[in-house]
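Per-entry structural report
Next come the chains, spelled out residue by residue.
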Amino acid sequence: MLRTEVNELLTPTGPGTPGGQLFRRYWLPALLAEELPGNDSPPVRLKILSERLIAFRDSDGRYGLIDEFCAHRGVSLWFGNVRECGIRCAYHGWKYDVTGQCLEVPSAPEHNTFAGKVRLTSYPLVKVGDILWTYMGEPELRPGLPEFEFAQVAPEQTYTSKRWQESNWLQALEGGIDSSHVSWLHAGGLKSDPLFKGTKGNEYNVGDLKPFFEVAEADGALFVGARRNAEEGRYNWRITPWVMPSFTIVPPRGDHPVHGHFWVPIDDHNCWVYTFDYHPVRPLTPEERQAMKDGHGVHSRNIPGTYRPMENKDVDYLMDREAQRRGETFSGVRGIAQQDASLQESMGPIVDRTKERVVASDTGIIKARRKLRAAIEALPDEGVTPPGVDPAHHHVRSAAVVLPQEQSFIEACREDLTARPGVAHTSV
Amino acid sequence: MLRTEVNELLTPTGPGTPGGQLFRRYWLPALLAEELPGNDSPPVRLKILSERLIAFRDSDGRYGLIDEFCAHRGVSLWFGNVRECGIRCAYHGWKYDVTGQCLEVPSAPEHNTFAGKVRLTSYPLVKVGDILWTYMGEPELRPGLPEFEFAQVAPEQTYTSKRWQESNWLQALEGGIDSSHVSWLHAGGLKSDPLFKGTKGNEYNVGDLKPFFEVAEADGALFVGARRNAEEGRYNWRITPWVMPSFTIVPPRGDHPVHGHFWVPIDDHNCWVYTFDYHPVRPLTPEERQAMKDGHGVHSRNIPGTYRPMENKDVDYLMDREAQRRGETFSGVRGIAQQDASLQESMGPIVDRTKERVVASDTGIIKARRKLRAAIEALPDEGVTPPGVDPAHHHVRSAAVVLPQEQSFIEACREDLTARPGVAHTSV
Amino acid sequence: MLRTEVNELLTPTGPGTPGGQLFRRYWLPALLAEELPGNDSPPVRLKILSERLIAFRDSDGRYGLIDEFCAHRGVSLWFGNVRECGIRCAYHGWKYDVTGQCLEVPSAPEHNTFAGKVRLTSYPLVKVGDILWTYMGEPELRPGLPEFEFAQVAPEQTYTSKRWQESNWLQALEGGIDSSHVSWLHAGGLKSDPLFKGTKGNEYNVGDLKPFFEVAEADGALFVGARRNAEEGRYNWRITPWVMPSFTIVPPRGDHPVHGHFWVPIDDHNCWVYTFDYHPVRPLTPEERQAMKDGHGVHSRNIPGTYRPMENKDVDYLMDREAQRRGETFSGVRGIAQQDASLQESMGPIVDRTKERVVASDTGIIKARRKLRAAIEALPDEGVTPPGVDPAHHHVRSAAVVLPQEQSFIEACREDLTARPGVAHTSV
């Protein structure tokens, strides 16, 4: 359990909050690249860290992320026209460029001088992989661009989707580093999901329901190791990296692509979950890519034209008691992604952690909270850069291995847990 | 009118409120038995007295009513699996029995000892008649089970339905003991409803629109007598019993079954209305039973798969101005139940009783509030058991009689107002 | 920009607020006459200046506007029966007349005396033109009836519609006196709308995107003049009158009918927009009238059976990015009315005016706010009647003219800006 004041320290991320300060030190996913498919595409509204913003892509292909509201009278630029290297407010035609600089105030006779003095809040927006990333902190503290492997491999080797989750980001992230629920909540998926099934690793997963947890500390990350009994004298280790503040990779299964998530706060009661799947050394097959689009694996099946899952709160997650009774799903909800989300949303918008009863298998969660808290509390010390900011910290991988019982997972797997271009992931 | 502080004393029923303390001394309807039709049926979420709970029925047929949220990380047990004499949380498989006792914590190696220390809040859940009743107070103060006649007669003699009402329980209850609105709001129903029409009593009801009210006090109840002119030298009395805290019986009509309600707070702005219809000495006919299912009499016509009436707030109660103009309904709303509910909901979630102007025909309401208030104020005196707690107080009946003008209704009807197995109700 | 305390002075209009006191000095549109089409029509619920009221029309054709809730137990009179010169509450039959006087309390034996003492709040409701107007202030301060020209001409010369807008009234009104946005937001409508297109005035409108603003003060009004370059040595002036508190007329175009609005607060986050179109000297043609019904010009296309526009917030105003890209609409929203409303609603329920950056073309808005503020601050001085209360102040017109550059618009147009029965409006 956490004390109330710690829960209230870790969960909010709006401007001025301690957690918000922390998140504003990192590059974060702001959009999928597909949301701004061409130059002068329609602008996109978004909220991130409780700030309402407009993203657009100008005639020259430059991306911009600026305050949603026109500086003049406060109307939303979502109604604006994107053309001729800027976005023009629909009300009186004020025009802004991708940096938020006002270029024209047509209704004011003195507009040339005046416009120069008007500038909207803006943040950089940069495409790396299939994601448009932003950095919302002090410009002088802006770190190098993200170097996560899923966003660095060739386009044919990677796929990213996103979904809206109606809960605080932290309880969503906690699910991502909690390997112990897989054997229960996702037991059905291990058997039937095209992106999961048919591996030796699955047998270890369901063969030992009492994994032992060991957590290793790295510079920008934690490696959460879940140990299960394997063949005589050996252990199966499934290792989940968490890179600060909210990037996680699920341990791999056989030659299936590797998947993971980036959990991005929308506001204190909602988050975007960016979900990737990639293979370090080969293209995704057409069947794999189609399965991802269909919401298999850890992807979701979204309502067309939106990033909201079909299995959502308003429809009781399409609860199917018959499928649950037949054992096809453990919770009655279809799909691994929404099996997680439905439970995390059922905790309430921000779960009251003063009431929880954590156990040994929650070690990963406990250590992650401590690391977050330490990073937040170190922020006022200007000399300290939070873990995970340095792009070198992004070069991590998950791994699934079988080791002799006496061997330390972190020592045995140091190489396996490092992203190595051209080398396949370590998996069983 | 009531002073603000009295209104605020009588209406809330959450944990720790004075009214909540009072309600926690009684057995209350928690579910219809049909909601848990078999062993290992899907669990049911409910809120009662502002507490969120899960009801289930285990493999041996035992009923349980426990905290909705798992003790581990706080997810809803609504997603849980009911089997093997317990409910298992969908997240990590923690298992609880009907008493809330944790039986297994599978992910914790030390689970056997640990589980024994984990216990969720739980309340008894007992089937009496067609209802599952709960008692949410101190175990040592738990009274004997309910002995209301409608729940004691043979199954073929009784029928119970329920509906969600979007208002505080008290203004709903007040409608139940207010016999004077029948001649107005329900005038149409008296003529056409299959469970009301064709009795001598109806003629008295519409023949005298200015009933005189007299209220008699009993141990656990009030008897609200509405007196109307009948034949020369005689009065028609329609007598409504109210048993504390919120059980009422409508005065009968001819040989029609007798109906009444139990008004149960969900939270301060919503209540469940349990509606019963029974005949003390004969089975309900198939036609009567079908009429009840169709939402005639005081039952409602609910949206299939829910307990929400079709005539609800979101659809303006399906207001039919033409039927109102033709005089088929007085308020334009179909059905006696929703004629009441629509008006009571229109008062707002909790009506502001400082603005009302009560008159002589509101005597029943005024005396009921006084009795409630007295019971709430007596609670701190531990020697006093509130009226209506003793099952002996449940043995009441409504009655409709014609008496010589000089006769006291309460003296003349003492037997008629008592439940007497095998003896028909007294009715005109 | 405005200071927070000024924004909070000007925007709320509920009982007891300074702005509410001001609005309670004027006759305001309460309903369209079509909403109470005949004697004993169904009663209509409405909210105005944050007060919930019921309007009805009795058997003798008298209009009444009274408290929505019955004095007895507080149920809504919307369920009531209008007949026999009164409205009867559906619960216990209490009957009220159009003045709110209780006429009968049938359930109370002593009802004749008692009823005389019961009276609901009521306001006058008077038909002038196609509108039912009310006055919600002190009876002794009640001014003469409205004399706006659109409501005085013959029925065949005028048409009025209404729509619900989900924003505070002031930001809606500000759009009405802001002539500078027309060249941008409504550029498409100028070309294609049947009630706008084909006039010389439109050419001036789009030919000079930097209008110069000059505001002339009148007794109850402001005249906002927008000056654009016309032929050599001449200016085009488009003049918008604003009569206190919230009546505006759009400058005319050629021989098209003249249109304008009355912006009426529902509560602080919503307003009714009454929109009229009239021709001072000729009947509207069938084609014009049909175009108005179809939501052309400044009228809206409403969801049938309601006064809510089809292009509303819940459906993202039916945003059509393709029409926007093709330049048919500047903001992607269909129709001049909802082009305005969509932007004004996007500002939030009450726009934060501390963040705006007003420019010279906002002069009309700035002066209107000052005049409103002065009127509000003068209220405690009982000798002062606010501008616009005197019906003589209502005799205004908009105008569109071409003048020699050296001429003052207000001096040149004094006659043109005055309503003159039988004389056509001045227009280009």
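These notes cover the structure that comes with them. If you're wondering where the values come from, they're calculated on a predicted model, not measured in any experiment.

The rules we used
Residues numbered from 1 in each chain as written. Chains lettered and ligands numbered in written order. Predicted model: local features only at pLDDT ≥ 70, side-chain atom pairs only at ≥ 80, totals over all residues. Heavy atoms only, no water. Helix = DSSP H or I, 4+ residues; strand = E, 2+ residues; numbered from the N terminus. Rg over C-alpha atoms; globule rule 2.2 N^0.38 Å. Buried < 20%, exposed > 50% of the residue type's maximum accessible area, 1.4 Å probe, protein only. Contact = heavy atoms within 4.5 Å. Areas by Shrake-Rupley, 256 points an atom, 1.4 Å probe, with all protein chains shown as cover. Lys, Arg positive; Asp, Glu negative; His and termini not counted. Charge placed at Lys NZ, Arg CZ, Asp CG, Glu CD. Least-squares fit on C-alpha atoms with pLDDT ≥ 70 in both. Buried area = accessible area lost by both parts, 1.4 Å probe. Salt bridge = Lys/Arg side-chain N within 4 Å of Asp/Glu carboxyl O. Polar contact = N/O pair within 3.5 Å; in protein donor to acceptor, adjacent residues only side chain to side chain. Nonpolar A, V, L, I, M, F, W, Y, C, P; charged D, E, K, R; others polar. Expected span 1.5 Å × (residues − 1). Arc of directions from axis to C-beta. Pairing = 2+ DSSP bridges. Axes fitted to C-alpha atoms, helices over the stretch in contact; angles between N-to-C directions. Phe/Tyr/Trp six-rings, centres within 6.5 Å; stacked < 30°, edge-to-face > 60°. Disulfide = S-S within 2.5 Å.

The number of helices and strands found in chain A is 12 helices and 19 strands. Its C-alpha atoms give chain A a radius of gyration of 22 Å, within 12% of the compact-globule value 22 Å for 428 residues. Expressed as a percentage of its 428 residues, the buried residues of chain A come to 64%. Taking contacts inside chain A between residues at least 6 apart in sequence as the whole, the part at least 24 apart equals 61%. Surface exposure of chain A reaches about 15400 Å², of which carbon and sulfur atoms provide 51%. For chain A, the separation between the mean place of its 48 positive charges and that of its 57 negative charges on side chains is 3 Å.

Each copy of the sequence occupies a distinct position, and chain A is placed on chain C by a rotation of 120 degrees and an axial shift of 0.1 Å, giving an RMSD of 0.0 Å. Taken together, the rotation angle and the small translation identify this as a three-fold axis. When C-alpha distances to the rotation axis are compared across chain A, the minimum falls at Asp314 of chain A, with a value of 9.3 Å.

Quoted interface sizes are often the accessible area lost when the parts come together. Counting residues at the interface gives 31 residues for chain A and 35 residues for chain C. For the chain A and chain C pair, buried surface summed over both sides reaches about 2800 Å², with 56% attributable to carbon and sulfur atoms. By the criterion of area lost to chain C, the three top residues of chain A are Arg73, Phe79 and Tyr91 of chain A, representing 29% of everything that side buries. Taken together, the connections running from chain A to chain C amount to 2 salt bridges. The salt bridge partner of Arg45 of chain A is Asp316 of chain C, with a shortest N-O separation of 2.9 Å. Taken together, the links from chain A to chain C amount to 14 residue pairs in polar contact (both at pLDDT 80 or more). Here the side of chain A that touches chain C is composed, by residue class, of 15 nonpolar, 10 polar and 6 charged.

Turning our attention to the pattern of salt bridges. Across all of its chains, the model carries 80 salt bridges over all chains by this definition. Arg420 of chain A is the salt-bridge partner of Glu415 of chain A, the closest N and O atoms lying 3.9 Å from each other. One salt bridge connects Arg52 of chain B with Glu68 of chain B, and the closest N-O pair in it is separated by 3.0 Å. Of this pair, Arg52 of chain B sits in strand β3 (residues 51-57) while Glu68 of chain B is found in the loop between β4 (63-67) and β5 (81-82), placing the two residues 16 residues apart along the sequence. Residues joined in a network through salt bridges with shared partners are Arg73 of chain A together with Glu174, Arg353, Glu356 and Arg369 of chain C.

Let's shift gears to helix α11 (residues 363-378) of chain B. Residues and elements named next belong to chain B. Across its 16 residues, α11 extends 23 Å between first and last C-alpha, which sits within 8% of the 22 Å expected from 1.5 Å per residue. Within the sequence span of α11, burial applies to Thr363, Gly364, Ile365, Ala368, Arg369, Lys371, Leu372, Ala375 and Ile376. Looking at the buried residues of α11, the elements they touch are α1 (4-10), α2 (18-23), α4 (169-176), β13 (212-217), β14 (221-229) and β15 (234-243).

All names here are of chain A. Considered for burial, the residues of helix α7 (residues 200-207) that qualify are Gly201, Asn202, Tyr204 and Asn205. One side of α7 holds all its buried residues, which, seen down the axis, span an arc of 160 degrees. Summarising the contacts, the buried residues of α7 are in contact with α5 (182-185), α6 (187-192), β14 (221-229), β15 (234-243) and β19 (399-404).

Taken together, the contacts link 31 residues of chain B with 35 residues of chain A. Both faces combined, the contact of chain B with chain A buries some 2800 Å², and carbon together with sulfur accounts for 56% of it. It is Arg73, Phe79 and Tyr91 of chain B that lose the most area in chain B upon contact with chain A, and together they represent 29% of the buried surface on that side. On inspection of chain B and its partner chain A, the count reaches 2 salt bridges. In this structure, Arg73 of chain B engages Glu174 of chain A in a salt bridge whose closest nitrogen and oxygen atoms are separated by 3.0 Å. Counting across the chain B and chain A interface gives 14 residue pairs in polar contact (both at pLDDT 80 or more).

Within a sheet, neighbouring strands are paired by backbone hydrogen bonds and run either parallel or antiparallel to one another. All names here are of chain A. As summarised here, the arrangement of the 3 strands in space is β1-β11-β10, forming an open sheet in which the pairing is antiparallel. Of all the strands in the sheet, just β1 (27-32) and β10 (125-128) have a single pairing partner and so form its edges. Recorded for the sheet is a direction-independent mean angle of 40 degrees between the axes of neighbouring strands. Bridge count between β10 and strand β11 (residues 131-135): 4 bridges; the pairing is antiparallel. Bridge pairing in β11 places Val126 opposite Trp133.

Applying the stated criterion across every chain yields a total of 54 aromatic pairs over all chains. A centroid spacing of 6.0 Å and a plane angle of 15 degrees characterise the contact between Trp133 of chain C and Phe148 of chain C, whose relative ring orientation is stacked. One end of the pair, Trp133 of chain C, is in strand β11 (residues 131-135); the other, Phe148 of chain C, is in the loop between β11 and β12 (158-165), with 15 residues separating them in the sequence. When sorted by exposure, Trp133 of chain C lands in the same class as Phe148 of chain C, which is buried. Through a chain of ring-to-ring contacts, three or more aromatic side chains come together here, namely Trp133, Phe148, Phe150, Phe247, Phe262, Phe276 and Tyr278 of chain A.

So, on to the sheet that holds strand β9 (residues 122-123) of chain C. All names here are of chain C. Read across the open sheet, the 4 strands follow the order β2-β3-β4-β9; overall the sheet is antiparallel. Of all strands in the sheet, those bounded by a partner on one side alone are β2 (44-48) and β9. Pairing of β2 with strand β3 (residues 51-57), which is carried by 5 bridges, proceeds in the antiparallel orientation. By the bridge assignment for β3, Val44 is matched with Ala55.

The next thing to look at is the pairing of strand β2 (residues 44-48) of chain B. Where burial is concerned, the two faces of β2 of chain B differ: the one with Val44, Leu46 and Ile48 of chain B is buried and the one with Arg45 and Lys47 of chain B is not. Linking β2 of chain B back to β3 of chain B in an antiparallel pair, the connection comprises 2 residues, with Leu49 of chain B at a positive phi of about 50 degrees.

All names here are of chain A. By the definition in use, this model includes 0 disulfides over all chains. This cysteine, Cys102, is not joined by any disulfide, and Cys70 carries the nearest cysteine sulfur, 7.2 Å off. Cys102 sits in the buried class, given a relative accessible area of 3%.

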